Amino acid sequence: MRFLVALLCRNDKKEIIMNVDFNKSPDGLVPAVIQDAATNKILMLGYMDADALKKTIDTKLVTFFSRSKQRLWTKGEESGNVLNLVDIKLDCDSDALLVKASPAGPTCHKGTDTCWNETNAQTYGFISELEETIASRIKVGNSEKSYVASLFEKGINKIAQKVGEEAVEVVIEAKDDNDDLFLEESADLLFHYLMLLQAKGFKLNDVVDVLLKRN
């Protein structure tokens, strides 16, 4: 059977009709991938039938059909580590769900943030890798081989000065027509700004938190 359900989407306040096809599986279940709505980390994989999906929407607590217990199971019903529903999306074949949630504590029954033993933290791809590289160069402190280490050795005033210089270069190139130079200077500014953040004991996530509070 196909299960029709109206879901009020938090983002655009439009009513979305989901047409989930539970017939594709002989047990009437569809996989539900659970994703942290804030960090975008995949937390776990569960299975839902029509009743589990309806209960998830009605209670705003992510609920599955437990294949081992053969009954509905609300995540965290014993531990208290519930998954608060934020949004649900149906895939292109109408037989899989992406459930965005806000976890109240560790998701995995083993006590880890995710069922893949990952830390549930916001990351920004290469930018996060670059932050870790900067941190490692600072820790090693080889100023003869590392530009980062040599700049940190000169102190925060020199790092701040360098950010100011790069910012001026970005403004200058923004007023010109050489897009390549503008992007090069922009990359230099971002790189030195990440260094300045660490010199002050912060990471990019700390700045994002401030922006989120302003939203």
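Residues numbered from 1 in each chain as written. Predicted model: local features only at pLDDT ≥ 70, side-chain atom pairs only at ≥ 80, totals over all residues. Heavy atoms only, no water.

A. Fine view of the sheet that holds strand β4 (residues 42–48). Overall, mixed pairing links the 4 strands, which are arranged β4-β3-β8-β7 in an open sheet. Of all strands in the sheet, those bounded by a partner on one side alone are β4 and β7 (83–90). Sheet twist, expressed as the mean angle between neighbouring strand axes with direction ignored, is 30°. Here strand β3 (residues 30–36) pairs with strand β8 (residues 97–103) via 5 bridges, running parallel. (Pairing = 2+ DSSP bridges. Helix = DSSP H or I, 4+ residues; strand = E, 2+ residues; numbered from the N terminus. Axes fitted to C-alpha atoms, helices over the stretch in contact; angles between N-to-C directions.)

B. Layout of a negative patch on the surface. Together, Glu169, Asp176, Asp177, Asp179, Asp180, Glu184 and Asp188 make up a negatively charged patch on the protein surface. For the negative patch, the leading source of residues is helix α5 (residues 179–199), giving 4 residues. The residue Asp180 is located in helix α5 in this model. (Patch = residues over 30% accessible without salt bridge, like charges linked within 9 Å, V, L, I, M, F, W, Y side chains within 5 Å. Areas by Shrake-Rupley, 256 points an atom, 1.4 Å probe, with all protein chains shown as cover. Salt bridge = Lys/Arg side-chain N within 4 Å of Asp/Glu carboxyl O. Lys, Arg positive; Asp, Glu negative; His and termini not counted. Charge placed at Lys NZ, Arg CZ, Asp CG, Glu CD.)

C. Structural view of the pattern of salt bridges. Counting across every chain of the model gives 8 salt bridges. In this structure, Asp87 engages Lys89 in a salt bridge whose closest nitrogen and oxygen atoms are separated by 3.5 Å. A relative accessible area of 40% means that Lys89 is categorised as partly exposed. Linking Glu166 and Lys162 is a salt bridge whose minimum nitrogen-to-oxygen distance equals 3.7 Å. With a gap of 4 residues between them, Glu166 and Lys162 both fall in helix α4 (residues 156–174), about one helical turn apart. Residues participating in the shared-partner salt-bridge network are Lys162, Glu165 and Glu166. (Buried < 20%, exposed > 50% of the residue type's maximum accessible area, 1.4 Å probe, protein only.)

D. Molecular detail of the pairing of β7. Where β7 lies against β8, 7 bridges are found, and the strand directions are antiparallel. Along β8, the bridge assignment pairs Lys89 with Leu98. In sequence, β7 turns back onto β8 through a hairpin of 6 residues, with Ser94 there showing a positive phi of about 60°.

E. Broad picture of the nonpolar core. Membership of the largest hydrophobic core comes to 21 residues, with the highest contact counts inside it found for Ile34, Met48, Leu53, Val62, Ile88, Leu97 and Val99. Mapped by element, the contributors of at least two residues to this core are β2 (15–21), β3, β4, α1 (50–59), β7 and β8. The residues touching Leu97, leaving out its near neighbours within four places in the chain, are Met18, Val20, Val30, Pro31, Ala32, Val33, Met48, Leu53, Ile88, Lys89 and Leu90. Counting residues in each nonpolar core, the second largest holds 12 residues, with Val148, Leu151, Ile159 and Leu194 among its members. (Core = buried A, V, L, I, M, F, W, Y, C linked by side-chain atoms within 4.5 Å. Contact = heavy atoms within 4.5 Å.)

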